[in-house]
There are 2 protein chains.
Amino acid sequence: MEGFRVLEIKKSVFENNDREADKLREELKKEKTFLLNLMSSPGSGKTTTLKATIAALKDEMRIGVMEADIDSDVDAATIEKTGAKVIQLHTGGMCHLDAGMTRQGLEGLGTDNVDFAILENVGNLVCPAEFDTGAVKNAMILSVPEGHDKPLKYPLMFSICDVLLINKIDVMPYFDFDLEACKQYVTKLNPNIKIIPISARTGEGIEEWAEWLRQQVKAWNE
Amino acid sequence: MEGFRVLEIKKSVFENNDREADKLREELKKEKTFLLNLMSSPGSGKTTTLKATIAALKDEMRIGVMEADIDSDVDAATIEKTGAKVIQLHTGGMCHLDAGMTRQGLEGLGTDNVDFAILENVGNLVCPAEFDTGAVKNAMILSVPEGHDKPLKYPLMFSICDVLLINKIDVMPYFDFDLEACKQYVTKLNPNIKIIPISARTGEGIEEWAEWLRQQVKAWNE
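What counts, and where the lines are drawn
- Residue numbers here run from 1 along each chain, matching the order of that chain's written sequence.
- A letter from A marks each chain and a number from 1 marks each ligand, given out in the order of writing.
- Owing to the predicted nature of the model, reporting of local features is limited to residues with pLDDT of at least 70; listing and counting of side-chain atom pairs is limited to 80 or more, with chain, interface and lining totals taken over all residues.
- Side-chain calculation: all heavy atoms of the structure are included, whereas hydrogens and water are not.
- Angular values range over 0 to 180 degrees, each being the angle between N-to-C directions of two axes fitted as lines to C-alpha atoms, with helices fitted over their stretch in contact.
- Secondary structure is summarised from DSSP: a helix means a run of H or I of at least four residues, a strand means a run of E of at least two, and numbering begins at the N terminus for each.
- Each angle receives one of four descriptions, namely roughly parallel if under 35 degrees, roughly antiparallel if over 145, roughly perpendicular if within 65 to 115, and oblique otherwise.
- When the near helix sits turned anticlockwise from the far one by under a right angle, the crossing is termed left-handed; a clockwise turn instead gives a right-handed crossing.
- Contacts were defined at the residue level, with two residues in contact if any of their heavy atoms lie within 4.5 Å.
- Think of it as three bins: nonpolar holds Ala, Val, Leu, Ile, Met, Phe, Trp, Tyr, Cys and Pro, charged holds Asp, Glu, Lys and Arg, and polar takes everything else, Gly as well.
- The length a helix should cover is 1.5 Å for every residue beyond the first.
- The buried label applies to any residue whose accessible area, calculated with a 1.4 Å probe on protein chains only, is under 20% of its type's maximum; exposed applies above 50%, and partly exposed to all values in between.
- To be clear, the arc concerns the directions from the helix axis to the C-beta atoms.
- Polar contact is defined as a pair of N or O atoms within 3.5 Å, subject to the rule that within protein one atom must be able to donate a hydrogen and the other to accept it, and that residues adjacent in sequence are counted only when both atoms are side-chain atoms.
- Here the term cavity refers to a set of points on a 1 Å grid, laid over the protein atoms alone, in which a 1.4 Å probe fits but cannot get out; the term pocket refers to an open set having protein on both sides within 12 Å along at least five of seven lines, with lining residues being those that place an atom within 4 Å of a point.
- Grid points are joined across faces, edges and corners, and a volume is the space filled by probe spheres set on the points.
- Residues reaching a pLDDT of at least 70 in both copies supply the C-alpha atoms on which the copies are superposed by least squares.
- As a working definition, buried area equals the accessible area (1.4 Å probe) given up by two parts on being put together, with both sides summed.
- Counted as salt bridges are all cases of a side-chain nitrogen of Lys or Arg within 4 Å of a carboxyl oxygen of Asp or Glu.
- Pairing between two strands is assigned when DSSP locates at least 2 bridges connecting them.

### Quick word on the packing of helix α2 (residues 46-57) of chain A against helix α8 (residues 206-220) of chain A
All names here are of chain A. Put simply, α2 and α8 touch, their axes get as near as 10 Å, and they point 65° apart. In terms of axis orientation, α2 runs roughly perpendicular to α8. Between α2 and α8 lies a crossing of right-handed hand. Here α2 contributes T49, A52, T53, A56 and L57 to the contact with α8, which in turn contributes I206, W209, A210, L213 and R214. Residues of the contact of α2 with α8, tallied by class, amount to seven nonpolar, two polar and one charged.

### Some words on helix α1 (residues 17-31) of chain B
All names here are of chain B. Along its 15 residues, α1 runs 21 Å from first to last C-alpha, staying within 8% of the 21 Å computed at 1.5 Å per residue. By the burial criterion, the buried members of α1 are N17, E20, A21, L24, R25 and L28. Angularly, the buried residues of α1 cover 140° about the axis, an arc narrow enough to put them on a single face. Away from its buried face by more than 90 degrees, α1 exposes R19 and K30. The inward-facing, buried residues of α1 contact β2 (34-40), α4 (99-109) and α8 (206-220). Between the side-chain oxygen of the N-cap and the backbone nitrogen of D18 there are 3.3 Å, and the N-cap of α1 in question is N16. One or two steps after α1, the chain reaches K32, where phi turns positive at roughly 55°.

### Brief notes about empty space enclosed by the protein
As enumerated under the stated definition, the model contains one cavity of 30 Å³ or more in all. As a volume, the largest cavity reaches approximately 50 Å³. Looking at the lining of the largest cavity residue by residue, the classes come out as four nonpolar, five polar and four charged.

### Considerations on helix α4 (residues 99-109) of chain A
All names here are of chain A. The buried fraction of α4 is high, at nine of 11 residues. Buried residues of α4: A99, G100, M101, T102, R103, G105, L106, G108 and L109, and no others. Close packing links the buried residues of α4 with β1 (5-8), α1 (17-31), β2 (34-40), β3 (63-69), β4 (85-90) and β5 (116-120). Capping the start of α4 is the job of one residue whose side-chain oxygen sits 3.2 Å from the backbone nitrogen of G100: D98. Following α4 by one or two positions, G110 adopts a phi angle in the positive range, close to 85°.

### Here we look at the side chain of T47 of chain A
Inspection of the secondary structure assignment puts T47 of chain A in helix α2. Accessibility expressed as a relative area gives 11% for T47 of chain A, which makes it buried.

### What to know about the relation of the copies chain A and chain B
When chain A is fitted to chain B, the best match, at an RMSD of 0.0 Å, comes from turning it 180° and sliding it 0.0 Å along the axis. Accordingly, the operation relating the two chain copies is best matched by a two-fold axis. Most of the interface of chain A is mirrored in chain B: 100% of its interface residues are interface residues there too.

### Some thoughts on the interface of chain A and chain B
Listed per partner, the contact involves 32 residues of chain A and 32 residues of chain B. Summed over both sides, the interface of chain A with chain B buries roughly 2,500 Å², with 59% coming from carbon and sulfur. Three residues, P42, K153 and Y174 of chain A, lead the burial of chain A against chain B; their summed loss comes to 23% of the area buried on that side. For the pair chain A and chain B, the number of links is four salt bridges. As a salt-bridge pair, R201 of chain B and D176 of chain A come within 4.0 Å of each other at their nearest N and O atoms. For the pair chain A and chain B, the interface holds eight residue pairs in polar contact (both at pLDDT 80 or more). For the side of chain A that touches chain B, the secondary structure elements donating two or more residues are α3 (74-80) and α5 (150-153) of chain A. The biggest single contributor to the side of chain A that touches chain B is α5 of chain A, with three residues. The residue inventory of the side of chain A that touches chain B, partitioned by class, reads 15 nonpolar, six polar and 11 charged.

### Remarks on the environment of P173 of chain B
Residues and elements named next belong to chain B. Note that P173 resides in the loop between β7 (163-167) and α7 (179-189). The exposed category is assigned to P173, whose relative accessible area is 65%. Spatially, the C-alpha atoms of P173 and V144 are 9.9 Å apart, while their sequence positions differ by 29 residues.

### Considerations on the pairing of β2 of chain A
Residues and elements named next belong to chain A. A large share of β2 lies buried, amounting to seven of its seven residues. Alternating residues of β2 divide into F34, L36, L38 and S40 and L35, N37 and M39, and every residue in both groups is buried. Relative to β5, β2 runs parallel, the two sharing five bridges. Looking at β5, one finds that N37 is bridged to L119. As paired elements, β2 and strand β6 (residues 137-143) share five bridges and run parallel to each other. Within the sheet, the bridge partner assigned to L38 lies in β6 and is A139.

### Structural notes on unusual backbone geometry
Residues and elements named next belong to chain A. Phi at K32 takes a positive value of approximately 60°, unusual for a residue other than glycine. Tracing the chain through its elements places K32 in the loop between α1 and β2. Here the phi dihedral of K168 falls at roughly 65°; this positive angle occurs in a residue that is not glycine. Among the residues examined, K168 registers a relative accessible area of 12% and is labelled buried.

Right, here's the structure in full:
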């Protein structure tokens, strides 16, 4: 039997999402909880990357994961096996999470014993980019099979993220993915973004990603 | 210099999208224009599949393509090289197309000399599923690297499509993709869906897909 909770998220009642997001961040700052918003297309490897991330950091910090999905529980079931605290959020067809919905998730998860909270957003490169969730940092994953032209097609998502993980680099030989062109497209949109090529499956690049996270969590608590 | 037109799509003014979609289909029926709505995640190979589809059918019917994208023109530039009639639609950040927006696109494309019109929808497995575009048939692509569990996570999209192309089967050996499990998930949601495994890159399965399209276009004109 699965031990995680499933929470049906309600539509937010707040009219000003940006204000609500700032308020949530202030509260997280006081609680010393760092919140990461992880976004990507369906199937780019968010959950597999989370598994690798948890394995790298679980002995150093208390991790809590919110798995947002329209309907299923498959991701929370996967993350539960890592030993991390996890809650499944059902968005009821909604294509993104805003700050009010994220707050519902954090309350469901419980953050008083969580140093590092992660929101795995709905798989979607469009709508989640438009809503500040209240996260301290925004991360996104682009996977090699999706192609290096995606920054041209979904510019807002690449513009609002602090870090881009380029995942599935182990299958690079089988795809026409131009890593340098991709980096150029991305840095043109967002000169300050950190780009880390990884393979969640083989573990390549995960230590660099974990180190980036360590620094962010540390900076948030100073 | 590029010869295709770029159309900035406006928000629809119609309150009842389903009624507007039905009206558009009636008009297309009179004009003998078959409209296909093609949906998928970003990077699943919609444009490459379209190239292969146009190559297979261009000597039998007059094809027109609407490339919907939030911002860029890269897809229309690619399709223009096939010789098919093409227009680039910019959705201005909107994550889907409804019937009113599709109508704007069809008017921009011009359908009086088009037997087979294709709408390449915004790359998104969530929002486009919620809006009837007025298309005669809905098609979607799921690519092997995205994983076989996607029907569990984006059930509405798989439920409303008439045909599912499982693309990139040439890279099946490099991914943990269970084709039989995927088919089971999909047919449980949608018993009548046609499933065609393809590789747009190698051409595998394209003839079966082209034959399915021939039958649909023929049936529409009877």
